[in-house]
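Listed here are the chains, written in short residue letters.
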Amino acid sequence: MSPDLPPVDPSVTAALVAALSPRLRKRLDAGVAKLADRPVVRDGDIVRIGVDDSTDVELHAPGGTVTDVDAIRCGCLLAPGCVHRAAAASAAPVAEPSAAAGPEKADDPATAGEAAPEPPGTVDTERATPEQCAAARALHTAAAAVLEAGTDGSGAVLQAELLRAAHTARLAGLPRAAATAVSVVTALRRARSADPAYRLADHVCALRDALSAAHRLPHARGPELTGLRGTARQPYQPDGSLRLYGLFTEPVLTATGHAGAVTWTADAEGRLYQVPDVAPGGAGRAVGAADRTVRVGDTALTHRQLSRAGLAVSGATVSPTGRLGAGAGVRAVRASGAGWRADPLERLWAVPAAEQVAGALDGGHGLLFLDVTLVGTVREASGDCLLADCGGVFLRLAAAHDHPALPHRENLRLLAAARGSRLRIVARLDPAPHPRALLLATEHPTLPGTRVDLGLDRLQHADLPAVPASPAPPAAVPAPDEAPVHVLNRRVRQAASGGRLVLSFPGDTDADVRRLGRHGLATAGDLLRELHAAAAERSRDVFGRLLPADPDRFARAWLAAARYTDAVDRALCAAAWGS
C-alpha cells in the first residue's frame, strides 16, 4: 500500500477487480507488487505511476479521492481491460466515507462508523431490513474467506471481495460494518507490504469486529441494532459558548492515506474537546500540520500555539466524541492558557488512575493523565518501552507511532536516560494484561512548566538531567504474571495470521485444555478444543475425495474465541490497574 497514491473508494477497487478475467486475477498480486516499486508523480489532482518507460497509469482524484472507475486510466494496449488499473486501485489507500466531507462534517477516519445515540422513538422490536441482512451475509462470507486464507493468502482478489462487501454495507445503511471491513483490508495491506506500523493485534481486532457485526446484525434489535448500524458521520450539535485550555497536540498518520494533527483542549470542568485538522496526505502533512492555523472561527492560532494557549468559542458545535465543528457560525478568539499544574487543568491529574482506566475501557476517550517516576526500560518484541512507577503500579510506556518521520521512538529512547525524573504525562491506554500506555506528551525533564508533544517536538541530550537520580534498579521490578488465557489468545492470532491451515495439524491440544482447566478457565479450554476441531474438519465424498472445509464453522469458532479472549484481556487490564 503506497501512501503516495490518493485514496480510492472501495466500490472502485471492487469493480475493477471484478472486471478482470480469471487469468488476469491470478496476476493481480504480482501487478500490485510491481507498481509499488515504480515512480509516482503528482500533478495537481492527477497522480501518475510509471508502469514502464512508455506507459503510465493515471489516477484522477478531484478533492483528493478517486471516486469513479473511469478516473483510473492506463495507456497500455490492453486498457481498459488490463491488470494495471486494478493493481493501482489495490495499491492505493482505501478511501473512507468522510474523505469527501467538508470541515464541518469530516471526522478522523479512525472514528468513522461510530454509533450515534439512539434516536427517540426507536422500538425494541425493530429489526434489520432484508437488504441489511443480505449485506451482513456478504460481509461474513468475505471476512470468513480472509480468515480461512490468513494474511499471506489474502491477496488483492480477496481484499476486493471484502471492499465490495463494505460498499454493499454502506449502501444498505450499515456504515459501521463498512468501516470494519475497510479496517481489515487496511491491516491486510500493511501486513503484506511489511509496513512497520502493522500490528497483528490490530488485525485481529478489525477481523473480530467485522465478523461480529455480520453475525449479530440479523438477530439484533433496538439499541443493539442502532449501535451495529452506526452513523456515516457524527452529528454536530450546538454547544453555546466554550472557554477552552490547550493540553497537547498529537500528529495523525493513518493507513487510509489521511494525515494531520489533533489538538486536545479542556474546559473548566475537565471535559475534553478536540480541534482536528485531518485530510488526505502522508507523513509530510502529519509533520507540518502542527504549524497550520486551526480551523475554528477566525483565530490565527496554529495547533502548536493552541496546545499551550486557550480559546474562547461562541456558537460552538460539537460531535458526540468532543470534536469541535468549524461551521460558518462558529466564532473563536485567542485566550490565555493554563499550566498542567494549575487550575483548571490540574483536576485532570487528580482523578485516580484506576478510575481513568475504567472509563477508557468503558468506551471513553482513552487518555490517561498520570504522575510518574521514570525507572528505566523494559524490552518487548516490538522494541523497548519506558518503565515508570505510577503510584506503586509499574507502567510500560510505548511509542504512540513508529513512523520514522515522527519523533515518538527517539524521544522515548532519550527519556529512558532520565531515570528518577518525576513527570506529569498524558498517555493513551493500550489494553494489556499489565499496565501499558502509549506516551503522547510529557513535562520537560529539566524545564519546569514546559510541555513536550512527543510526536512533534524533538528532545535533545541537553534537555536531560545532568546527573540522573538513582531509582530502584529495573531488576527489582516484578514481572507481570502471564494469564493462562494467552494459550487461547495465541491460537486466535495464529489463525488470523496464517489461516485455518496452521491450526489443522495435530498438536498437544489436550495438554493446553487441561492447563486452562486447572486455572478455572474451562470455557477457554472448550473454545480451544472447538477451534482446533473446526480447523481440522474435512469431509470426504462418496469416492473418498476431500471436500472443501467449512469456512463458516471455523469462522464461528474463531469469533467465539476472539471475543472471549478480548473480554478476559479487558478484565485483566482493569485488574492490573486496580480498577
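Calculation criteria
- Residues numbered from 1 in each chain as written.
- Predicted model: local features only at pLDDT ≥ 70, side-chain atom pairs only at ≥ 80, totals over all residues.
- Heavy atoms only, no water.
- Pairing = 2+ DSSP bridges.
- Helix = DSSP H or I, 4+ residues; strand = E, 2+ residues; numbered from the N terminus.
- Axes fitted to C-alpha atoms, helices over the stretch in contact; angles between N-to-C directions.
- Salt bridge = Lys/Arg side-chain N within 4 Å of Asp/Glu carboxyl O.
- Buried < 20%, exposed > 50% of the residue type's maximum accessible area, 1.4 Å probe, protein only.
- Phe/Tyr/Trp six-rings, centres within 6.5 Å; stacked < 30°, edge-to-face > 60°.
- Left-handed = near helix turned anticlockwise from the far one by under 90°.
- Contact = heavy atoms within 4.5 Å.
- Nonpolar A, V, L, I, M, F, W, Y, C, P; charged D, E, K, R; others polar.
- Core = buried A, V, L, I, M, F, W, Y, C linked by side-chain atoms within 4.5 Å.
- Polar contact = N/O pair within 3.5 Å; in protein donor to acceptor, adjacent residues only side chain to side chain.
- Parallel < 35°, antiparallel > 145°, perpendicular 65-115°, else oblique.
- Disulfide = S-S within 2.5 Å.
- pLDDT = per-residue confidence, 0-100.

K.L.:
What should I look at first to understand the sheet that holds strand β2 (residues 46-50) in this one?
P.N.:
For sheets, the rule is that strands pair by backbone hydrogen bonds, running either parallel or antiparallel. Spatially, 4 strands are ordered β1-β2-β3-β4 in an open sheet, and the strand pairing comes out antiparallel. Each edge of the open sheet carries a strand with a single partner, namely β1 (40-43) and β4 (72-74). Recorded for the sheet is a direction-independent mean angle of 20° between the axes of neighbouring strands. Sheet analysis places β2 next to strand β3 (residues 56-60), joined by 5 bridges and oriented antiparallel. Its bridge partner lying in β3, Arg48 is registered against Glu58.

K.L.:
What should I look at first to understand the pattern of salt bridges in this one?
P.N.:
When their charged atoms lie close together, side chains carrying opposite charge are able to pair. Within this structure, the stated rule accounts for 35 salt bridges. For Glu148, the salt bridge identified is with Arg500, shortest N-O distance 2.8 Å. Of the two residues, Glu148 is situated in helix α5 (residues 130-153) and Arg500 in the loop between α15 (486-498) and α16 (509-518); the sequence distance between them amounts to 352 residues. Asp277 is paired through a salt bridge with Arg295; the nearest N and O atoms lie 4.0 Å apart. With Asp277 in strand β7 (residues 272-280) and Arg295 in the loop between α10 (283-288) and α11 (303-306), this pair connects stretches of sequence that are 18 residues apart. For Asp277, a relative accessible area of 2% corresponds to the buried category. Through salt bridges with shared partners, one network takes in Arg199, Asp202, Glu380, Arg396, Asp430 and Arg436.

K.L.:
How should the packing of aromatic side chains be read in this particular structure?
P.N.:
Geometrically, a pair of aromatic rings is defined through the distance of the ring centres and the angle of the planes. All told, the structure shown has 3 aromatic pairs when counted by the stated rule. Note on Trp340 and Trp349: the rings are 5.1 Å apart at their centroids and 35° apart in plane angle, and the pair reads as tilted. There is no split in this pair, since Trp340 and Trp349 are both buried.

K.L.:
It is not clear to me how the packing of helix α1 (residues 10-18) against helix α4 (residues 83-91) should be interpreted in this structure. Could you clarify?
P.N.:
How two helices sit against one another is set out by the angle between their axes and by the gap between those axes. Put simply, α1 and α4 touch, their axes get as near as 9 Å, and they point 145° apart. When the axes of α1 and α4 are compared, the crossing they make is left-handed. Contacts from Thr13, Leu16 and Val17 of α1 reach α4 at Arg85, Ala86, Ala89 and Ser90. Taken together, the residues of the contact of α1 with α4 sort by class into 4 nonpolar, 2 polar and 1 charged.

K.L.:
It is not clear to me how the nonpolar core should be interpreted in this structure. Could you clarify?
P.N.:
Considering soluble globular proteins, one finds that nonpolar side chains tend to be buried as a cluster. Ranked by size, the top nonpolar core spans 61 residues in total, and within it Leu162, Val184, Leu207, Leu211, Phe554, Trp558 and Tyr564 carry the most contacts. Not counting residues up to four positions away in its chain, the partners in contact with Phe554 are Leu147, Glu148, Ala495, Arg500, Leu503, Leu531, Ala534 and Ala535.

K.L.:
Hey, could you run me through the environment of Glu380 in this one?
P.N.:
Within the fold, Glu380 resides in strand β10 (residues 367-380). Under the relative-accessibility criterion, Glu380 is labelled buried at 15%. Note: C-alpha distance between Glu380 and Arg396 (16 residues apart in sequence) is 9.9 Å. Setting aside anything within four residues of it in sequence, one finds Glu380 in contact with Cys385, Arg396, His434 and Arg436. Side chain to side chain, Glu380 and Arg396 meet in a polar contact 3.1 Å long. Within polar-contact distance, the side chain of Glu380 engages the side chain of Arg436 at 2.7 Å.

K.L.:
Quick question: what am I supposed to make of the environment of Pro431 here?
P.N.:
Of note, Pro431 is situated in the loop between β13 (422-429) and β14 (436-443). For Pro431 and Gly366, which are 65 residues apart along the polypeptide, the C-alpha to C-alpha distance reads 9.8 Å. If we ignore the near neighbours within four places in the chain, the residues touching Pro431 are Leu361 and Cys573.

K.L.:
What is the right way to read the sheet that holds strand β8 (residues 310-318) from this model?
P.N.:
Reading across the sheet, the 5 strands line up as β7-β6-β5-β8-β9 and stay open at both edges, with antiparallel pairing between neighbours. For this open sheet the edge positions go to β7 and β9 (331-335), each flanked by a neighbour on one side alone. Each strand of the sheet is rotated relative to its neighbour by a mean of 35°, with strand direction disregarded. The sheet contact formed by strand β5 (residues 237-253) and strand β6 (residues 258-266) spans 8 bridges and is antiparallel.

K.L.:
Would you explain the packing of helix α17 (residues 522-536) against helix α18 (residues 551-576) in this entry?
P.N.:
Viewed as axis vectors pointing N to C, α17 and α18 meet at an angle of 155°, and their least axial separation amounts to 9 Å. Viewed along their axes, α17 and α18 adopt a mutual orientation that is roughly antiparallel. Of the two elements, α17 crosses α18, and the hand of that crossing is left-handed. Residues Thr523, Ala524, Leu527, Glu530, Leu531, Ala533, Ala534 and Ala535 of α17 form the contact with α18, whose own contacting residues are Arg553, Phe554, Ala557, Trp558, Ala560, Ala561 and Tyr564. Its residues assigned to classes, the contact of α17 with α18 shows 12 nonpolar, 1 polar and 2 charged.

K.L.:
Could you clarify how one ought to interpret the pairing of β2 in this entry?
P.N.:
The side chains of a regular strand alternate between the sheet's two faces. Within β2, 4 of the 5 residues are buried, leaving the element largely enclosed by the surrounding structure. In this structure, β1 lies alongside β2, joined through 4 bridges in antiparallel fashion. Residue pairing in the sheet places Arg42 in a bridge with Val47 of β2. Hairpin connection between β1 and β2: a loop of 2 residues separates the two successive antiparallel strands, and Gly44 in this loop has a positive phi of roughly 65°.

K.L.:
How do you make sense of the side chain of Arg451 when you look at a structure like this?
P.N.:
Residue position: Arg451 is located in strand β15 (residues 451-453). Within the structure, the side chain of Arg451 is placed 2.8 Å from the backbone oxygen of Gly246, a separation counted as a polar contact. Each residue touching Arg451, except ones within four places of it in the same chain, is listed here: Gly246, Leu247, Ser307, Arg308, Ala338, Gly339, Trp340, Leu345, Thr442 and Asp457.

K.L.:
Is there a simple way to think about unusual backbone geometry in this case?
P.N.:
Note on backbone geometry: most residues besides glycine have negative phi, and most peptide bonds are trans. Omega for the peptide link from Ala79 to Pro80 comes to 5°, which places this bond in the cis form. With an omega of 5°, the peptide bond running from Asp343 to Pro344 counts as cis. In this structure, Ala194 takes a positive phi of about 55° despite not being glycine. One can find Ala194 in the loop between α7 (175-192) and α8 (200-216).

K.L.:
Sorry, what's going on with the state of the cysteines here?
P.N.:
Covalent bonding between the sulfur atoms of two cysteines is what defines a disulfide. Evaluation of the coordinates by the stated rule reveals 0 disulfides. No disulfide involves Cys76; its nearest neighbouring cysteine sulfur is the one of Cys74, lying 3.5 Å away.

K.L.:
For this particular structure, what's the right way to read the confidence of the model for the protein?
P.N.:
Caution is warranted with low-pLDDT regions, since their predicted coordinates should not be read in detail. Chain-level statistics for the protein give a pLDDT mean of 87 and a share of 91% at 70 or above. Across residues 98-123, where pLDDT falls below 50, the model places 55 contacts with residues more than four positions away in sequence or in other chains. In this model residues 469-476 is a low-confidence stretch, pLDDT under 50, and it forms 8 contacts with partners more than four residues away in sequence or in other chains.

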